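Chain residues, written in single-letter form:
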Amino acid sequence: MPPSPDYLPFHPNPSKPEFTLPTGTWDAHCHVFGPEVEFPFASERKYTPVDAGKDKLFELHKHLGVERSVIVQATCHGADNRALVDALNASNGRYRGIATVRPDVTKEQLDELDAAGVRGVRFNFVKRLVDATPREDFLQIVDLIKPYGWHIVVYFEAADLEGLEQFLIDMPVTVVIDHLGRPDVTKGIDHPDFLRFRKLVKENEHIWVKVTCPERLTVAGPPYEDVVEFGKIIVEEIPDRVIWGTDWPHPNMKSHVPDDGKLVDHILRVAPTKKQQQALLIDNPTRLYDPEN
Ligand code: 0GY
């Protein structure tokens, strides 16, 4: 199947970042797509991306100076985690994964995912990406993954936070929220919606935030000036529970093709101090994804 016509491919030639990433930096949110001939996309998918396999990802990380990474299962692969596991197995133990599973997942499958480096599962609430999953299914999955010490990654739109808040507060495992909770950046950091989000993450020690996707949240476009204050305030308010990632290969981008080098440089604006960078890029993701080191 050809790529969706309204979907832009990833940047063919990203710039070299001006910011030299510190040794041991984690890209804690990226994906692998296919290649489709080897790892077909799921029949229930809502979009068909361009192929973006593990070799391309490894190449990008080398170019950017990223050493470690967390590959997140994207909805176009459904609960078929084979492309993810294949990439993890090829990473020589440097990469971790976030899988998608259904409540009927077996212990053998979970064992295999864990051995490959999976450390969590993703619950997706974004209506354009997935059909709704009953809350009971999510709770069953939490029971299954808890013995492995895994966490959950949640993806939702800002408007859905109110209905989800108690569910997230009650989670008996660590919760990592994707893309700053997807705020409406035209409203400002002191708008009641983002204040609700800030309060939630400040008051709940088991909730972490990905300071990711300025390219997705922006209305103004590059260099994402309108997103800076959102990332910066979260880094300031919960410095020990934030992680960063590229979101390569940027599925469903329609406005522009993000330059991954520039996305690295964006870090300097949301985490301007060395201490903040050390926490965001190294110490926090290491604690979550490789606590023995
Ligand atoms: C992201 C964001 C998107 C897609 C997915 O799983 C996915 O398909 O997460 C999106 O379209 O906003 O994190 O890659």
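Scroll up to find the structure.
Residues take numbers from 1 onward in each chain, read along the sequence in its written order. Whole-chain, interface and lining totals are the exception, using all residues; otherwise, since this is a predicted model, local features are given only for residues with pLDDT of at least 70 and side-chain atom pairs are given and counted only at 80 or more. Derived side-chain values reflect all non-hydrogen atoms in the structure, with water molecules and hydrogen atoms excluded from consideration.

Participant: Help me understand the site of the ligand, please; the structure alone is not making it clear to me.
Facilitator: Residues are counted as near a molecule or strand when any one of their heavy atoms sits within 4 Å of it. Taken together, 16 residues form the shell around the ligand, and within it His31, Tyr47, Thr75, Tyr155 and His179 come nearest. Between an oxygen atom of the ligand and a side-chain N or O atom of Tyr155, the distance comes to 2.5 Å. Contacts to the ligand include Asp247, whose side-chain N or O atom sits 2.9 Å from an oxygen atom. In short, Shrake-Rupley with a 1.4 Å probe defines the accessible areas, and a residue's cover is counted only from the protein chains shown. Coverage of the ligand by the protein amounts to 100% of the 350 Å² it exposes when considered alone. Here a cavity denotes grid points, spaced 1 Å and computed from the protein atoms alone, that fit a 1.4 Å probe unable to get out, and a pocket denotes an open set having protein on both sides within 12 Å along at least 5 of 7 lines; residues with an atom within 4 Å of a point are the lining. More than half of a molecule's atoms lying within 2 Å of a cavity's or pocket's grid points is what places that molecule inside it. Assessed atom by atom at 2 Å from the grid points, the ligand resides in the largest cavity. Polar here means any residue outside two lists: the nonpolar Ala, Val, Leu, Ile, Met, Phe, Trp, Tyr, Cys and Pro, and the charged Asp, Glu, Lys and Arg; Gly therefore counts as polar. Per-class residue counts for the shell around the ligand are 5 nonpolar, 6 polar and 5 charged. Whenever a nitrogen or oxygen atom comes within 3.5 Å of another N or O atom, the pair is scored as a polar contact, on the condition that within protein one atom can donate a hydrogen and the other can accept it, and that pairs from neighbouring residues in sequence are kept only if both atoms are in side chains.

Participant: Would you mind going over helix α8 (residues 225-237) with me for this structure?
Facilitator: For the α-helix, the turn length of 3.6 residues means that residues three or four positions removed from each other point alike. For α8, every residue scored as buried is listed here: Asp226, Val227, Val228, Phe230, Gly231, Ile233, Ile234 and Val235. Two residues form a contact once any of their heavy atoms are found within 4.5 Å. The secondary structure listing takes helices from DSSP runs of H or I that are at least 4 residues long and strands from runs of E that are at least 2 residues long, numbered from the N terminus. Of the surrounding elements, those touching the buried residues of α8 are α6 (192-203), β7 (207-211), α7 (214-217), β8 (242-244), α9 (260-270) and α10 (274-289). Between buried and exposed lies partly exposed: a residue is buried under 20% and exposed over 50% of the maximum accessible area for its type, with that area taken using a 1.4 Å probe on protein chains only.

Participant: Teacher, can you tell me more about empty space enclosed by the protein here?
Facilitator: With a probe scaled to a water molecule rolled over the atoms, the places where space remains empty come into view. Grid points are joined across faces, edges and corners, and a volume is the space filled by probe spheres set on the points. Tallying each qualifying case throughout the model produces 2 cavities of 30 Å³ or more. Counted as a void, the largest cavity has a volume near 110 Å³. Lining the largest cavity are 15 residues, and of these His31, Arg122, Leu129, Tyr155 and Pro251 lie nearest its centre. Tallied by class, residues from the lining of the largest cavity come to 5 nonpolar, 6 polar and 4 charged. What the second largest cavity holds in volume is close to 80 Å³. Val211, Thr212, Cys213, Pro214 and His266 are the residues nearest the centre of the second largest cavity, which is lined by 14 residues in total. Those elements giving two or more residues to the lining of the second largest cavity turn out to be α7, α8 and α9.

Participant: How should I be thinking about the environment of Asp111 in this particular structure?
Facilitator: On the secondary structure map, Asp111 appears in helix α3 (residues 107-116). Looking at Asp111, the relative accessible area reads 32%, which means it is partly exposed. For Asp111 and Lys210, which are 99 residues apart along the polypeptide, the C-alpha to C-alpha distance reads 26 Å. Reaching out from Asp111, the side chain makes a polar contact with the side chain of Tyr148 at a distance of 2.7 Å.

Participant: Please clarify how the packing of helix α5 (residues 161-169) against α6 should be interpreted in this entry.
Facilitator: Helix-helix packing is described using two parameters, namely the angle between the two axes and the distance between the axes. With their axes 11 Å apart at the nearest point, α5 and α6 run at an angle of 0° to one another. Put simply, α5 runs roughly parallel to α6. Across the interface between the two elements, Leu161, Glu162, Glu165, Leu168 and Ile169 of α5 pack against Arg196, Phe197 and Leu200 of α6. Across the contact of α5 with α6, the residue classes tally to 5 nonpolar, no polar and 3 charged. Note on method: axes are straight lines fitted to C-alpha atoms, helices fitted across the in-contact stretch only, with angles between N-to-C directions ranging 0 to 180 degrees. Roughly parallel covers angles under 35 degrees, roughly antiparallel covers those over 145, roughly perpendicular covers 65 to 115, and oblique covers all other angles.

Participant: What is the right way to look at α5 in this model?
Facilitator: Turning to α5, its buried residues number three or more, namely Leu161, Leu164, Glu165, Phe167 and Leu168. In the core, the buried residues of α5 are packed alongside α4 (135-145), β5 (151-155), β6 (175-177), α6 and β7.

Participant: Before we go on, may I ask you to explain the sheet that holds β8 in this structure?
Facilitator: By definition, the strands of a sheet pair up through backbone hydrogen bonds, in either a parallel or an antiparallel sense. With parallel pairing, the 8 strands of this open sheet are ordered in space as β1-β2-β3-β4-β5-β6-β7-β8. Strands with a single pairing partner mark the edges of an open sheet, and in this sheet they are β1 (26-30) and β8. Pairwise comparison of adjacent strand axes, ignoring direction, gives a mean angle of 25° for this sheet. Should DSSP find at least two bridges between two strands, the strands are regarded as paired. Bridge analysis of β1 against strand β2 (residues 68-72) gives 3 bridges, and the strand direction is parallel. Each bridged residue has a counterpart across the sheet, and for Cys30 the counterpart in β2 is Ile71.

Participant: Looking at this structure, I do not really get the nonpolar core. What am I missing?
Facilitator: Soluble, globular proteins show a tendency: their nonpolar side chains are buried together. As used here, the term nonpolar core means buried Ala, Val, Leu, Ile, Met, Phe, Trp, Tyr and Cys residues forming a set that is joined through side-chain atoms within 4.5 Å. Ile152, Leu168, Ile177 and Ile234 are the most contacted members of the largest nonpolar core, which totals 84 residues. Those residues in contact with Ile234 that sit more than four places away from it in its chain are Leu180, Phe194, Phe197, Arg198, Val201, Val209, Pro239 and Val242. Core analysis: the second largest hydrophobic core is formed by 11 residues, Val70, Val153, Ile243 and Tyr289 among them.

In short, shape yes, function no, at least from these values alone.
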